[in-house]
Amino acid sequence: EGSLEHVFIKILKLQKFCRKMIIHVFPDDNTFVIFQSQINTNGFLAVEEPKVESEYLGKMPASFGMIAIFLGDLDNSDGVGKVYYRQDSRPSVLLRTIDHISQAFPQDDEIKPTHALIITWENVAAHGDPSNCRNTFQLVVASMASASYAILFYPREGLQYISTPVAGQSVPVHAGFSQGLVQAWFSWSSSQGPYYRIATDDEASVRQLSEETNSGRRGVWVYEIGTSPFFSSITPGLVTNLSPEEGVAVGQVEQVSESPPRNNGEQQEIEFPPYEHEEEEETPEPELPPTIYPVQYQPRYPVVPESPQTTPFFSKIVFFQRMWFVFFSAVFAYSSETCASNRQKCSSFADCKDYTNGYCCHCRPGFYGNGKDCVAEGKPQRMNGKVSGRVFVGNSPSPLEFYNNDLHSYVVANDGRAYVAISTIPAGLGPSLQPLSSLGGVIGWAFALEQPGYENGFSIIGGVFSRQAEVTFLPGNERLTIKQEFKGVDEHDHLVVSTELEGRLPEVPHGSTVQIDPYKELYQYGSNRITSSSNRDYTVSLLDGSVQTKTYQWRQTITYQSCPNDEAVRDVQPTQQLSVDQIFVMYDSGNQLIRYAMSNKIGSIHGGPPEQNPCFTGRHGCDTNAACRPGEGVQFTCKCSTGFTGDGRQCYDIDECRETPEICGSHAVCNNQPGTFRCECVDGFQFASNGKTCVEVDRPIDHCQRGTNNCDIPERARCSYTGASAYICSCLSGFVGDGHTCQDIDECEQGRCHQDAVCYNAQGSFTCQCRPGFHGDGFQCAPELEKTQCERDRESIQVSSDTGSFSFFRPRPAVSQYIPTCDQHGAYEPTQCHGSIGQCWCVDGNGQEVPNTRTGPGQRPLSVIPPPIGPTTRPDVSPVAPGTHLLFAQSGKIEHIPLDGYSMNKGEAKALLHLPDRVVIAVAYDCVEKMVYWTDITGPSISKASLEGGDIISLSPEGLAIDYLARLMFWTDSMKDRIEVAKLDGSQRRVLFDTDLVNPRPIVADPSYGRLYWADWNRDGPKIEMSNMDGTDRTVLVKDDLGLPNGLTYDPESQQLCWADAGTRKVQCMDPNGRNRRTIVEGIQYPFAIVSHGRNLYYTDWRREAVVAVDHTTDRETDEFLPQKRSRVYGIATTPTQCPQAYNYCSNNGGCSHLCLPRRSGFTCRCPDVVDGSCVERNL
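Residues numbered from 1 in each chain as written. Predicted model: local features only at pLDDT ≥ 70, side-chain atom pairs only at ≥ 80, totals over all residues. Heavy atoms only, no water.

- Per an unreviewed UniProt entry, the protein chain goes by the name Nidogen 1 and belongs to Oncorhynchus kisutch.
- UniProt, in its Subcellular location (unreviewed entry) section for the protein chain, records the words "Secreted, Extracellular space, Extracellular matrix, Basement membrane". (UniProt positions renumbered as here; feature names shortened; annotations may be inferred.)

Next up, the structure:
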């Protein structure tokens, strides 16, 4: 009749008469699956062609995919043992199946199988066993669109045999799931896939199949086995305890009157009846739409005698087919079903709507996209991905190859500005990639500023599409192919893309710059296909001053899948024009980065007066997290994006986790993110199949962490976790033994100290001390030299200062105390300074002041600046390993602690820099150049050093903040009561504030918004203030309930400003607008500095002499690190593995002649305090 359903119904009617060709037809979404498999009398179901039994009996795992319910050398040739099978879609059978699965997986609430394959091995014996022992067992495979389940039933009264003879030996039967051989990636070879075992080779384990459970019912085992390919992920049922009513028949056994009478050793008690009567008359065709119920029948198999022409394999096969799948909707995910069973396929910000032929997803008001992917209107968008390629440059015969380089892109959606950066591009390729601004510019089209009546790419096709571009360069005819796969929006609301480059580029000489002219590109929209083409002109400015003008042709095709069921398809303009201007390209050879920036608008191909409404020009001044709403003429309003609040000019993130504490449910933690939030299961739990509910995970036990090991005490032995539930005990250094019992080693008996030293043994350690009259570390001792006059002066002043009543918690000597500085030989430094009064002077060899050399505050005399003291050659000082670390300052050194997630790896803590005779107060980190900066009040100075090793560089302070985007540093000076700014190399210094400050100490920067925050611990009026980085809009945020706000930090992810107060003894947080203030912890001792990393806050404490970790999501202290050398700890910072993704207007100095200082929605060009005459100030 031409109806596909009718064809399948005819096949089903024929299956009653065709005994060797059994076809199961399962309607699955808009796809009809013709499923065929092989049932074997040896107790397994094969999903592909099995091998002869000599290749799998006793040799598991098998080379082919299978479900082994009771795999062994079984026998049904005596006419008593039977194997039955059927496919069943009756509601009563499906409800019983749901009952078993739901009891095994109590957290799964969307279990709706469409069909079940039921196989029964009844009264089968072990081959060659004369005892007449028989077993009956059953397998049910239940399938639905998102998952498949296997239910294994074993006799409750126990198994009569648990092993079968194999090669003359008794071998326990197997039960489990084998994926078979799996084709290796990028290779023609195969390897053994996963093999999940239910029972081990131990006979007791096999016997437990009928005695225990993972579904709450004795002898019933339930597993989620995934979809095709099966067995790549096996999840066992979660209920290992028997239900209280197990004594009462749970799932009462059905009695089957058609079965043969019971013989000795037979077992008939099973869950599902093995077969039903066949219908004698042909079932009439149902009315359309048809409901397909395959005919149930009892197979009658003759016993096939073995013969030389018939292998044992075929005598074991009940039926043999292959598996084939027929798809009538090639790649599209929409189906002919309804929203009731497909709502989860839509974005969480979309609604599902049913149509005549199916369903479609539509983004809700305030969001845009294709329904599968939806993003908030006005919210900045990010794209992350990887770039790989094989590219020839110029006439080079060898290609440059690269793999999985990072690509990051950022779009200010409400004005169409897009920024793209690709990392680790070699110098031989980077300059020549500059003309290809559209390499990442597709995100500019996807989120282009829309003109009235037109839509950008994401609004039409969402985030899942393919793009291929062909680039031809003229006149050399070099060709390059760009292939990109866009994979939708991930859990972080970032668009994900993979990119491949193949071909040849004309060479752009190293050091040359490229300027791309503004261009327009026509996009032609068809059915699931978009094409565009354009010619791009660009100029190359060479180092010799010459300029070359070049052209390339650009053609691209974008393919995607729209919803075919929407009868009210939006009226998309068939042709739209993308206008691109303000194009900036640059190759940063120092960092091996290629950068692109451009402005994008999508609109009409026709001319006409340009739109004047600021919403369409992008010049509206709305917050970057706000949508611009056009009004009449040039009127408009700003509305904060979903997930933000404010007046539209300034928008602040809504903390959904705080406003709705139970939003994530039990056993889950809510993590707030800009514009949204994420739920994470706590340790020991994982998401169930619905992606929302957290269920307990059956994990191996780490006895080392739990403290349930039998190693010696932690002071003598180390417990090392080795996986599963295993561990190893080993004695610590300084002890000897087997790890379970450890004894101290007396190192003094080994002569480890110098001959002029005394050795003192201790538990696990020892110390060496030089004898009187000698100096050194005990390992090397030398006769003590007489101290110089400078050293004696320093010692006498420091001793008197330390015994004074003002030494308690004083970060520097008293104002009246001047301590001379000595060089490495003990002589007076030629320039001496008194930090407390801010003056310096020259001295002679006896330390006497040279007349007329004393300077005023903040100046040095015209003499050689003493070189900074660099890292010593101590063996424990070395460059830090990759990863995120905590940096904190102690007097005379900066130490680091590696972070493992949010936990401090205390065992790996060590000194980063050794700075003798220095008092380091503040620590900051530049994530771009991987430099650590610190302030030193003994100088006073600001210094920096690379984390990768090298000398210290001094610039010239208590608090310190870094703007890694604008390449600026800001610091507070509590002696001069002011806040200053300078370039990161110390040049172009400028005072921002020098009024209304008493004791400014901590300062932090928010580069993405161009904001500064600082605290003043003036005992008569402490306060926390905020301003733009150019000094404008200075505001007092907090002045109540403050004592000594020593530490301050800002978390850009949660948009929380947090501080540690040594007066109120609290850690508190609030939003940057001064609202939603809350206490994280209280009753702390004497905090000095604080830093944020993820869910944790880390602060240093003078009295505890420690680094303390606090979880701000649970408001409790979680960890503490005590340095080996106990002394006050000062500043603290983190070293992230990469810089946060952000942008401010001074990323490239904004075109300023000197200082570019960011502010919200703009920047200011300012001159340093010492002007060279060529500086120009302006506001932009």
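Quick notes on the overall build of the protein chain
Logical step 1: When its secondary structure is counted, the protein chain shows ten helices and 83 strands.
Logical step 2: Accessible surface, the protein chain: about 55300 Å² in total, of which carbon and sulfur atoms supply 50%. (Helix = DSSP H or I, 4+ residues; strand = E, 2+ residues; numbered from the N terminus. Areas by Shrake-Rupley, 256 points an atom, 1.4 Å probe, with all protein chains shown as cover.)

Re empty space enclosed by the protein
In this approach the atoms are scanned with a rolling probe the size of a water molecule, which exposes any empty space left behind.
Logical step 1: By volume, the second largest cavity amounts to about 80 Å³.
Logical step 2: Every residue lining the second largest cavity is listed: C651, Y652, D1006, Y1009, R1011, Y1013, Y1050, Q1055, P1072 and R1160.
Logical step 3: Listed by contribution, the elements that provide at least two residues to the lining of the second largest cavity are β41 (651-653) and β69 (1011-1016).
Logical step 4: Looking at side-chain class alone, the lining of the second largest cavity contains six nonpolar, one polar and three charged residues. (1 Å grid on protein atoms, 1.4 Å probe; cavity = no way out; pocket = protein on both sides within 12 Å on 5 of 7 lines; lining within 4 Å. Points joined across faces, edges and corners; volume = space filled by probe spheres on them. Nonpolar A, V, L, I, M, F, W, Y, C, P; charged D, E, K, R; others polar.)

Here's the deal with the pattern of salt bridges
Logical step 1: Enumeration over the complete set of coordinates arrives at 33 salt bridges.
Logical step 2: In this structure, R86 engages D88 in a salt bridge whose closest nitrogen and oxygen atoms are separated by 3.1 Å. The same class applies to R86 as to D88, namely buried.
Logical step 3: R417 is the salt-bridge partner of D415, the closest N and O atoms lying 2.6 Å from each other.
Logical step 4: Residue classification places D415 among the buried positions, given a relative accessible area of 14%.
Logical step 5: Overall, the relative accessible area of 14% leaves R417 in the buried class.
Logical step 6: By sharing partners, the salt bridges in this structure join D996, K1023, E1025 and R1034 into a single network. (Salt bridge = Lys/Arg side-chain N within 4 Å of Asp/Glu carboxyl O. Buried < 20%, exposed > 50% of the residue type's maximum accessible area, 1.4 Å probe, protein only.)

Here's the deal with the confidence of the model for the protein chain
Note: predicted coordinates in regions of low pLDDT should not be interpreted at a detailed level.
Logical step 1: Chain-level pLDDT for the protein chain is 78 on average; 81% of the residues reach the 70-or-more range.
Logical step 2: Segment residues 1-35: pLDDT under 50, and 84 contacts once partners within four positions in sequence are set aside and those in other chains are kept.
Logical step 3: Per-residue pLDDT stays below 50 along residues 803-815; that stretch engages in 24 contacts with residues further than four places along the chain or on separate chains. (pLDDT = per-residue confidence, 0-100. Contact = heavy atoms within 4.5 Å.)

Re the sheet that holds strand β67 (residues 990-993)
Logical step 1: Spatial ordering of the open sheet is given by β64-β65-β66-β67, a layout of four strands whose pairing is antiparallel. The open sheet terminates on both sides in strands that have one partner only, identified here as β64 (960-963) and β67. Strand after strand, the sheet turns through a mean of 25° between neighbouring axes, direction not considered.
Logical step 2: Pairing between strand β66 (residues 978-983) and β67: three bridges, direction antiparallel. Paired with I979 across the two strands is F993, which belongs to β67. (Pairing = 2+ DSSP bridges. Axes fitted to C-alpha atoms, helices over the stretch in contact; angles between N-to-C directions.)

Topic: the sheet that holds strand β81 (residues 1155-1159)
Logical step 1: Across the sheet, three strands lie side by side as β81-β82-β83; this open sheet has antiparallel pairing. Two strands lie at the open edges of the sheet, namely β81 and β83 (1178-1179), each paired on one side alone.
Logical step 2: Of the strand pairs in this sheet, β81 and strand β82 (residues 1162-1166) are connected by five bridges, and their pairing is antiparallel. Within β82, the residue paired with L1157 across the bridge is T1164.

Some remarks on the nonpolar core
Logical step 1: Core analysis: the largest hydrophobic core is formed by 61 residues, its most contacted members being L433, L436, W445, F447 and Y596.
Logical step 2: Leave out the neighbours within four places in its chain, and L436 touches V471, F473, L480, L505, Y552 and Y596.
Logical step 3: In this structure, V920, L1044, Y1098 and Y1130 belong to the second largest nonpolar core, which totals 40 residues. (Core = buried A, V, L, I, M, F, W, Y, C linked by side-chain atoms within 4.5 Å.)

So, helix α2 (residues 91-104)
Logical step 1: In a regular helix each residue adds 1.5 Å, so 14 residues correspond to 20 Å; α2 covers 20 Å between its end C-alpha atoms and thus fits that length.
Logical step 2: Taken as a whole, α2 has its buried residues at V93, L94, T97, H100, I101 and A104. Viewed end-on, α2 has its buried residues packed into an arc of 120°, placing them on one side of the element. In α2, the exposed residues that point more than 90 degrees away from the buried face are P91 and L95.
Logical step 3: Considering only its buried residues, α2 is in contact with β7 (82-88), β8 (115-126), β9 (134-143), β10 (148-153) and β17 (220-224). (Expected span 1.5 Å × (residues − 1). Arc of directions from axis to C-beta.)

Considerations on the pairing of strand β46 (residues 717-723)
Logical step 1: The sheet contact formed by β46 and strand β47 (residues 726-731) spans six bridges and is antiparallel. When the sheet's bridge partners are listed, S720 is paired in β47 with I728.

Remarks on the pairing of strand β39 (residues 636-640)
The side chains of a regular strand alternate between the sheet's two faces.
Logical step 1: Bridge analysis of strand β38 (residues 626-630) against β39 gives five bridges, and the strand direction is antiparallel. Within the sheet, the bridge partner assigned to P630 lies in β39 and is F636.
Logical step 2: Connecting the antiparallel pair β38 and β39 is a turn made up of five residues, with G633 showing a positive phi of about 60°.

Looking at the state of the cysteines
Logical step 1: Inspection of every chain in the model, using the stated rule, returns 23 disulfides.
Logical step 2: The partner cysteine of C363 in its disulfide is C374, sulfur to sulfur 2.1 Å. Here the disulfide of C363 and C374 is left-handed, its torsion about the S-S bond being about -90°. With C363 in strand β22 (residues 358-363) and C374 in strand β24 (residues 374-376), this residue pair connects regions lying eleven residues apart in the sequence.
Logical step 3: Note on C374: relative accessible area 5%, which makes it buried.
Logical step 4: C704 shares a disulfide with C719; S-S distance 2.0 Å. Where C704 bonds to C719 through sulfur, the torsion about that S-S bond is close to -70°, and the disulfide is left-handed. On the criterion of sequence distance, the pair formed by C704 in helix α9 (residues 703-706) and C719 in strand β46 is long-range, its members being 15 residues apart.
Logical step 5: Lacking any disulfide linkage, C842 is separated from the closest cysteine sulfur, that of C840, by 9.2 Å.
Logical step 6: Note on C842: relative accessible area 15%, which makes it buried. (Disulfide = S-S within 2.5 Å.)

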